[in-house]
Amino acid sequence: MNGPRAASAPELKAQIEAERAGLPFLVLRDGEDRQRIVTIAAGTTELWVGRGPSADVRLEWDEEVSALHAQLEMVRGECTLVDDGLSRNGSYVNGQRVHGRCHLRDGDAIRFGRTAIVYRRPGDAAPEATALATETPAAATISPAQRKVLVALCRPYKDGGSFATPATNQQIGAELHLSVDAVKTHMRALFEKLGVGDLPQNSKRAALAERALQSGAVSSREL
């Protein structure tokens with residue numbers, strides 16, 4: 001997943017300079033892991049985000065982003081993310097899928113497809129919110145091997161049945177040609193990364209699957 005990580009000194013300097021300009025801006029990393037800063041110019045009323053050439057914020061490296069994925073709407077200095085079902089894989093703010101409109105605040109973590117973006121509005125929040133600009137959403141820290149395990153765990157939810165239960169370690173191991181011990185190791189890491197490590201043992205697997213699907217770490221298309 002492409003997303004903001006701990007910034008290098010030159011990248012941090014670029015963010016500070018963007019803050020000093022006093023205009024809202026977006027911080028993201030492109031397909032070559034280079035930081036990009038997109039300043040929202042004064043007088044802008046809307047920006048379209050997408051993979052296609054007509055998008056204002058173009059994420060052409062991300063195949064999970066639709067040609068026109070979502071809209072950023074600016075009204076009197078306030079920014080709202082609008083996704084009315086136009087995108088195939090949805091838009092997420094702070095890990096929650098957007099259904100319709102979501103008012104953005106300084107430091108909000110946005111995700112389109114597999115690309116994470118941080119919305120910044122200088123002067124809008126306390127200093128601790130500013131620190132979010134270099135934080136990575138939990139899903140971005142999941143390794144490719146862990147992600148395969150997570151998808152396999154959620155496989156029984158493919159048809160959206162309300163009585164579905166997560167795949168067992170044996171089922172996951174059989175699908176991925178892994179030993180049960182290897183699956184258990186990945187599962188322990190996933191419990192911590194998605195914040196369900198403190199739940200009772202008999203609740204962890206269902207909570208992990210639910211969080212993965214709700215946050216978009218696993219999309220229904222992958223199942």
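Conventions we followed
- Residues numbered from 1 in each chain as written.
- Predicted model: local features only at pLDDT ≥ 70, side-chain atom pairs only at ≥ 80, totals over all residues.
- Heavy atoms only, no water.
- Phe/Tyr/Trp six-rings, centres within 6.5 Å; stacked < 30°, edge-to-face > 60°.
- Lys NZ or Arg CZ within 6 Å of the ring centre and 35° of its normal.
- Pairing = 2+ DSSP bridges.
- Helix = DSSP H or I, 4+ residues; strand = E, 2+ residues; numbered from the N terminus.
- Contact = heavy atoms within 4.5 Å.
- Axes fitted to C-alpha atoms, helices over the stretch in contact; angles between N-to-C directions.
- 1 Å grid on protein atoms, 1.4 Å probe; cavity = no way out; pocket = protein on both sides within 12 Å on 5 of 7 lines; lining within 4 Å.
- Points joined across faces, edges and corners; volume = space filled by probe spheres on them.
- Nonpolar A, V, L, I, M, F, W, Y, C, P; charged D, E, K, R; others polar.
- Buried < 20%, exposed > 50% of the residue type's maximum accessible area, 1.4 Å probe, protein only.
- Core = buried A, V, L, I, M, F, W, Y, C linked by side-chain atoms within 4.5 Å.

(A) Geometry of the packing of aromatic side chains. Summed over all chains, the structure comprises 0 aromatic pairs. The ring of Y92 has R111 sitting right over it, with the charged end atom 4.5 Å from the ring centre.

(B) Representation of the sheet that holds strand β6 (residues 78-83) in the model. An order of β4-β3-β5-β6-β9 is seen for the 5 strands of this open sheet, with the pairing classed as mixed. The open sheet has two free edges, formed respectively by β4 (57-58) and β9 (100-103), since each of these has just one partner strand. In this sheet, β6 lies alongside strand β5 (residues 70-75) in antiparallel orientation, the contact comprising 5 bridges. Its bridge partner being in β6, Q71 is matched across the sheet by V82.

(C) Local environment of the sheet that holds strand β11 (residues 115-120). Taken in spatial order, the 6 strands line up as β2-β1-β11-β10-β7-β8 in an open sheet, and their pairing is antiparallel. Each edge of the open sheet is held by one strand with a lone partner, namely β2 (35-39) and β8 (96-97). The pairing of strand β1 (residues 25-29) with β11 spans 4 bridges and is antiparallel. Bridge pairing in β11 places V27 opposite V118. Across the sheet, helix α1 (residues 9-21) touches β1, β2 and β11, and the angle it forms with β2 is around 5°.

(D) Examining empty space enclosed by the protein more closely. One pass over the full model with this rule turns up 1 cavity of 30 Å³ or more. Forming the boundary of the largest cavity are 12 residues, of which E64, R111, G113, G216 and S219 lie nearest the centre. When its residues are assigned to classes, the lining of the largest cavity shows 3 nonpolar, 4 polar and 5 charged.

(E) Focus on the pairing of β11. Across the 6 residues that make up β11, a large majority, 6, are buried. Taking every second residue as pointing to the same face, both faces of β11 are buried, with T115, I117 and Y119 on one and A116, V118 and R120 on the other. Bridging between strand β10 (residues 109-112) and β11 involves 4 bridges; their strand directions are antiparallel. Considered in β11, the bridge of F112 is made with T115. The hairpin turn running from β10 into β11, its antiparallel successor, is 2 residues long, and G113 in that turn takes a positive phi close to 60°.

(F) Spatial organisation of the nonpolar core. Judged by nonpolar contacts, the single largest core of 23 residues is most densely connected at L150, M187 and L208. Listing elements by their share of this core, those giving two or more residues are α3 (144-154), α5 (180-193) and α6 (201-215). In terms of residue count, the dominant contributor to this core is α3 (6 residues). With sequence-adjacent residues up to four places away left out, M187 is seen in contact with V149, L153, N169, R205 and L208. I40, M74, L104 and Y119 belong to the second-largest nonpolar core, a separate cluster that totals 20 residues.

(G) View of unusual backbone geometry. With a phi angle near 65°, D33 is a residue other than glycine that sits in the positive phi range. In this structure, N94 takes a positive phi of about 50° despite not being glycine. A relative accessible area of 47% places N94 in the partly exposed class.

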